[in-house]
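Chains, contacts and geometry: an overview
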Amino acid sequence: MLRTTDRPAETTPVVPVIPAGTDPLLQLEYETQPPSGPGATRCLSHPRALALRGIPVMCTACRARRDWLLINHGRNVWFCCRCSNQWLEPEISRADFDALIAIPDGTTYPSVEQGLTALGFDGAFAGTYLD
């Protein structure tokens with residue numbers, strides 16, 4: 001016979017176990033590595049105007065022509081405007097995105113939404129160019 005209780009089961013937090021004898025400097029180096037691989041999301045701030053096949057990129061919501069945030073996840077690249085308008089741009093591949101990155105700043109955020117807020121692409125600076 002099955003028994004049920006009204007008491008919710010308490011979960012204990014799982015603490016990652018570091019193997020004995022692990023070098024703390026190697027562990028720190030591992031923890032501070034930027035996320036990579038096919039599941040990583042990378043962002044690139046691009047303050048200048050961009051032209052794809054000779055056509056200038058322009059936001060359809062506020063008509064901005066520069067100061068973009070490019071977001072790469074997998075094979076896809078999205079444009080994000082300061083007014084928080086976002087769109088998938090099939091003209092830019094992951095290889096094109098990699099070519100645009102000169103010096104990555106190494107800043108990582110827990111989520112894309114928190115990164116958009118921290119970088120000012122959440123609509124707070126709509127209609128403003130930040131140089």
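Residues numbered from 1 in each chain as written. Predicted model: local features only at pLDDT ≥ 70, side-chain atom pairs only at ≥ 80, totals over all residues. Heavy atoms only, no water.

As for the environment of Ser45
Within the secondary structure, Ser45 is located in strand S1 (residues 41-46). If we skip the residues at most four places from it in the chain, Ser45 touches Trp68 and Leu69. (Helix = DSSP H or I, 4+ residues; strand = E, 2+ residues; numbered from the N terminus. Contact = heavy atoms within 4.5 Å.)

Section: the nonpolar core
Grouped together as the largest cluster of nonpolar side chains are 15 residues, with contacts concentrated most on Val57, Cys59, Trp68, Leu70 and Phe79. Among the secondary structure elements, those contributing two or more residues to this core are strand S4 (68-73) and strand S5 (76-80). In this structure, Cys59 is in contact with Ala64, Trp68, Cys81, Cys83, Asn85 and Trp87, ignoring residues within four places of it in sequence. Grouped together as the second largest cluster of nonpolar side chains are five residues, Leu69, Cys80, Leu116 and Phe121 included. (Core = buried A, V, L, I, M, F, W, Y, C linked by side-chain atoms within 4.5 Å. Buried < 20%, exposed > 50% of the residue type's maximum accessible area, 1.4 Å probe, protein only.)

Observations regarding unusual backbone geometry
Unusually for a residue other than glycine, Arg53 sits at a positive phi of about 55 degrees. Tracing the backbone through its elements, the reader meets Arg53 in the loop between strand S2 (51-52) and strand S3 (55-56). The exposure class assigned to Arg53 is exposed, which follows from its relative accessible area of 75%. The phi dihedral of Arg63 is positive, around 70 degrees, even though this residue is not glycine. Its location among the elements puts Arg63 in the loop between S3 and S4. Taking relative accessible area as the criterion, Arg63 reaches 54% and is therefore assigned exposed.

A few points about the pattern of salt bridges
Under the definition given, this model contains three salt bridges. Notably, a salt bridge pairs Arg42 with Asp98, separated by 2.5 Å at the nearest N-O pair. Here Arg42 is found in strand S1, whereas its partner Asp98 is found in helix H2 (residues 94-100), with 56 residues between them in sequence. A residue is classified by how much of its surface remains accessible, and Asp98, at 35% relative accessible area, is partly exposed. Linking Glu91 and Arg53 is a salt bridge whose minimum nitrogen-to-oxygen distance equals 2.9 Å. Taken together, the positions of Glu91 in the loop between strand S6 (86-88) and H2 and Arg53 in the loop between S2 and S3 put the pair 38 residues apart, joining distant regions of the chain. (Salt bridge = Lys/Arg side-chain N within 4 Å of Asp/Glu carboxyl O.)

Here we look at the side chain of Asp67
Within the secondary structure layout, Asp67 lies in the loop between S3 and S4. When its relative accessible area of 1% is taken as the criterion, Asp67 is described as buried. Side chain to side chain, Asp67 and Arg82 meet in a polar contact 2.9 Å long. (Polar contact = N/O pair within 3.5 Å; in protein donor to acceptor, adjacent residues only side chain to side chain.)

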